[in-house]
Amino acid sequence: MMNEHYVEWMIERKMPAVLKTVRIVMIILTVLILILSFLFFAPGAVLGLLMIILDFAVTLLWNQEYEFIFVGDDLMIDRIYNRSYRRRAYKCTMKDVEIVAPEHSGNLKAFSGRRPEKSYVFTSGQDNAPCWVMYICEQDAGKRWVRMCFEPDQALLNAIKLTVSPRKFFQS
């Protein structure tokens, strides 16, 4: 019997306070441009419509969730925009994982000198959230190093712990 694991975990990305302020300012500016263009300069409505599109794009891109799907030996991370559009953000197999540890763990010091070619952050952005770091050596890409920071739940951590070598998984 194969030892298959299946775990799903989803987190919502928190919008930074600066971006919330920028979004509010953009909406106010859009309304002002539309009102002024209809009152004084009709072709200015084109600028107002462009601002509406820009407002929509900012809202769409920053309303994100991350879904972690762990099946067998694979970890897949999907980015979900505005609760309607899904896109695969990253996929790895546990045989390529070199270390899994909490973000501020002393066990990551051996990897601090390595400069990863890619670095991914799949966290909610909340200050008190427990972040873990995974270093991955992708063999199919010519031994490319990847650093991934993510926010797992206990079920996902248990599945990873059972799949990777014990010398690669550190609790603290």
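Calculation notes
Residues numbered from 1 in each chain as written. Predicted model: local features only at pLDDT ≥ 70, side-chain atom pairs only at ≥ 80, totals over all residues. Heavy atoms only, no water. Helix = DSSP H or I, 4+ residues; strand = E, 2+ residues; numbered from the N terminus. Expected span 1.5 Å × (residues − 1). Buried < 20%, exposed > 50% of the residue type's maximum accessible area, 1.4 Å probe, protein only. Contact = heavy atoms within 4.5 Å. Phe/Tyr/Trp six-rings, centres within 6.5 Å; stacked < 30°, edge-to-face > 60°. Pairing = 2+ DSSP bridges. Axes fitted to C-alpha atoms, helices over the stretch in contact; angles between N-to-C directions. pLDDT = per-residue confidence, 0-100. Salt bridge = Lys/Arg side-chain N within 4 Å of Asp/Glu carboxyl O.

## What about helix 1 (residues 17-39)?
Now for step 1: The terminal C-alpha atoms of helix 1 lie 33 Å apart, and with 23 residues this matches the ideal 33 Å at 1.5 Å per residue to within 8%.
Now for step 2: Along helix 1, the residues classified as buried are L19, M26, T30, I33, L34 and S37.
Now for step 3: In this structure, the buried side of helix 1 is in contact with helix 2 (45-62).

## Structural notes on the packing of aromatic side chains
Now for step 1: Taken as a whole and judged by the stated rule, the model has eight aromatic pairs.
Now for step 2: Here Y66 and F122 contribute two aromatic rings whose centre-to-centre distance is 5.4 Å and whose plane-to-plane angle is 75 degrees, an arrangement assigned as edge-to-face. Residue Y66 is found in strand 2 (residues 64-71), and its partner F122 is found in strand 6 (residues 118-122); the two are separated by 56 residues along the sequence.
Now for step 3: Assessed through its relative accessible area of 1%, Y66 is described here as buried.
Now for step 4: Here the aromatic cluster, defined as three or more aromatic residues joined through ring pairs, consists of Y66, Y90, Y120 and F122.

## With respect to the environment of N158
Now for step 1: Mapped onto the fold, N158 is located in helix 3 (residues 154-163).
Now for step 2: Given the relative accessible area of 36%, N158 is considered partly exposed.
Now for step 3: With 153 residues separating them along the chain, N158 and H5 place their C-alpha atoms 9.7 Å apart.

## Thoughts on the sheet that holds strand 1 (residues 6-12)
Now for step 1: With antiparallel pairing, four strands are arranged side by side in an open sheet as 1-2-3-4. Since the sheet does not close on itself, it has two edges, and those belong to strand 1 and strand 4 (85-93), each with one partner. Ignoring which end each strand starts from, the neighbouring axes of this sheet average 15 degrees apart.
Now for step 2: Those strands touched by helix 3 are strand 1, strand 2 and strand 3 (74-81), and its axis lies near 35 degrees from that of strand 2.

## Overview of the environment of A129
Now for step 1: Its place among the elements puts A129 in the loop between strand 6 and strand 7 (132-138).
Now for step 2: Look at A129 and you get buried, because its relative accessible area is 15%.
Now for step 3: As for A129 and D96, which are separated by 33 residues in sequence, their C-alpha atoms are 26 Å apart.
Now for step 4: Contacts of A129, omitting those with residues within four sequence positions, involve S124 and E151.

## So, the environment of W132
Now for step 1: Inspection of the secondary structure puts W132 in strand 7.
Now for step 2: The exposure class of W132 is buried, given its relative accessible area of 7%.
Now for step 3: On a C-alpha basis, the gap between W132 and T21 in space is 29 Å, while along the polypeptide they are 111 residues apart.
Now for step 4: Apart from residues no more than four positions distant in its own chain, W132 is found in contact with V100, A101, P102, E103, M148, C149, F150, P152, L157, F169, F170 and Q171.

## What to know about the confidence of the model for the protein chain
Now for step 1: Overall, the predicted model of the protein chain reaches an average pLDDT of 86, with 98% of residues at or above 70.
Now for step 2: Per-element averaging of pLDDT across the protein chain places helix 2 at the bottom with 80 and strand 2 at the top with 94.

## Brief notes about the pattern of salt bridges
Now for step 1: Summed over all chains, the structure comprises seven salt bridges.
Now for step 2: Ionic pairing is found between E65 and R83, a salt bridge with its closest N-O pair at 3.4 Å. Within this pair, whereas E65 is found in strand 2, its partner R83 is found in the loop between strand 3 and strand 4, the two being separated by 18 residues in sequence.
Now for step 3: Between R88 and D78 there is a salt bridge, and its shortest N-O distance comes to 2.6 Å. Here R88, found in strand 4, pairs with D78, found in strand 3; they are 10 residues apart in sequence, far enough to count as distant.
Now for step 4: You can call D78 buried: its relative accessible area is 3%.
Now for step 5: Through salt bridges with shared partners, a single ionic network connects E67, D78, R86 and R88.

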